[in-house]
Amino acid sequence: MDLVLARYLCLSSILVFSLLSISLPQTRAEVITLTAETFTDKVKEKDTVWFVKFCVPWCKHCKNLGTLWEDFGKEMEGEDEIEIGEVDCGLQKEVCSKADIHSYPTFKVFYDGEEAAKFKGKRDVESLKNFVLEEAEKLAAKQLARE
């Protein structure tokens, strides 16, 4: 009887481990992939700041970012009226051309459909967050001044 119980426990453990290791679709935090079909409408969203990364898969510098953009997206979850996006310039050449992208990676802030700022700082989550929060604050102040 003990041998049967041991086999059962062993098989149960294997089954549980297998079920836990099944790869489920991964969510990419709050990073939204933008395409030619979605880019213009998204960056024109009223009262929404978009911080967008433009990259290509073959770029060494883009590859070196690793999970930075996804980590940044997670950090920004819950920030009202700030969206984090990305564009694959290998697939979305038209978007990157219109956004005046000539090097990779490029990080730009958009508001009301217009480019508002270009990030040139240190590439870490804290620097990206500080930058976009400062830009969002500036844009909100400009918007209030207009009203």
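As a reminder, the structure under discussion sits directly above these lines.
Thresholds, definitions, all that
Residues numbered from 1 in each chain as written. Predicted model: local features only at pLDDT ≥ 70, side-chain atom pairs only at ≥ 80, totals over all residues. Heavy atoms only, no water. Helix = DSSP H or I, 4+ residues; strand = E, 2+ residues; numbered from the N terminus. Buried < 20%, exposed > 50% of the residue type's maximum accessible area, 1.4 Å probe, protein only. Polar contact = N/O pair within 3.5 Å; in protein donor to acceptor, adjacent residues only side chain to side chain. Contact = heavy atoms within 4.5 Å. Disulfide = S-S within 2.5 Å. Salt bridge = Lys/Arg side-chain N within 4 Å of Asp/Glu carboxyl O. Phe/Tyr/Trp six-rings, centres within 6.5 Å; stacked < 30°, edge-to-face > 60°.

1. Structural notes on the side chain of Thr 106
Link 1 in the chain: Tracing the sequence through the fold places Thr 106 in strand β4 (residues 106–111).
Link 2 in the chain: According to the relative accessible area criterion, Thr 106 is buried, its value standing at 4%.
Link 3 in the chain: A distance of 2.4 Å separates a polar atom in the side chain of Thr 106 from the backbone oxygen of Ser 103.
Link 4 in the chain: Ignoring any residue separated from it by four or fewer positions in sequence, one finds Thr 106 in contact with Val 52, Lys 53, Phe 54, Ile 101 and Lys 118.

2. Some remarks on the state of the cysteines
Link 1 in the chain: For the coordinates displayed, the defined rule picks out two disulfides.
Link 2 in the chain: Disulfide partner of Cys 55: Cys 62, at an S-S distance of 2.5 Å. In this structure, the disulfide formed by Cys 55 and Cys 62 twists by about -100° around the S-S bond and is classed as left-handed. Note on accessibility: Cys 55 and Cys 62 belong to one class, buried.
Link 3 in the chain: Here the bonded cysteines of the chain are numbered in sequence order, and their pairing is 1-2, 3-4.

3. Considering the pattern of salt bridges
Link 1 in the chain: Tallying each qualifying case throughout the model produces eight salt bridges.
Link 2 in the chain: Between Lys 53 and Glu 86 there is a salt bridge, with its nearest N and O atoms 3.5 Å apart. Here Glu 86 lies in strand β3 (residues 82–88) and Lys 53 lies in strand β2 (residues 49–55), a separation of 33 residues in the sequence.
Link 3 in the chain: In this structure Lys 53 comes out as buried when scored by relative accessible area, which is 10%.
Link 4 in the chain: Here Glu 75 and Lys 129 are joined by a salt bridge, their closest N and O atoms 3.0 Å apart. Linking Glu 75 in helix α4 (residues 68–76) with Lys 129 in helix α6 (residues 125–146), this pair joins segments that are 54 residues apart in sequence.
Link 5 in the chain: Assessed through its relative accessible area of 16%, Lys 129 is described here as buried.

4. Some details on the packing of aromatic side chains
Link 1 in the chain: Applying the stated rule across the entire model yields 12 aromatic pairs.
Link 2 in the chain: Ring geometry for Phe 51 and Phe 72: centres 5.7 Å apart, planes at 90°, overall edge-to-face. Remark: Phe 72 occurs in helix α4 and Phe 51 occurs in strand β2; sequence separation between them is 21 residues. Phe 72 matches Phe 51 in its accessibility class, with the two residues each being buried.

5. As for the environment of Glu 137
Link 1 in the chain: For Glu 137, the location among the structural elements is in helix α6.
Link 2 in the chain: Sequence separation between Glu 137 and Val 49 is 88 residues, and the spatial gap between their C-alpha atoms is 9.9 Å.

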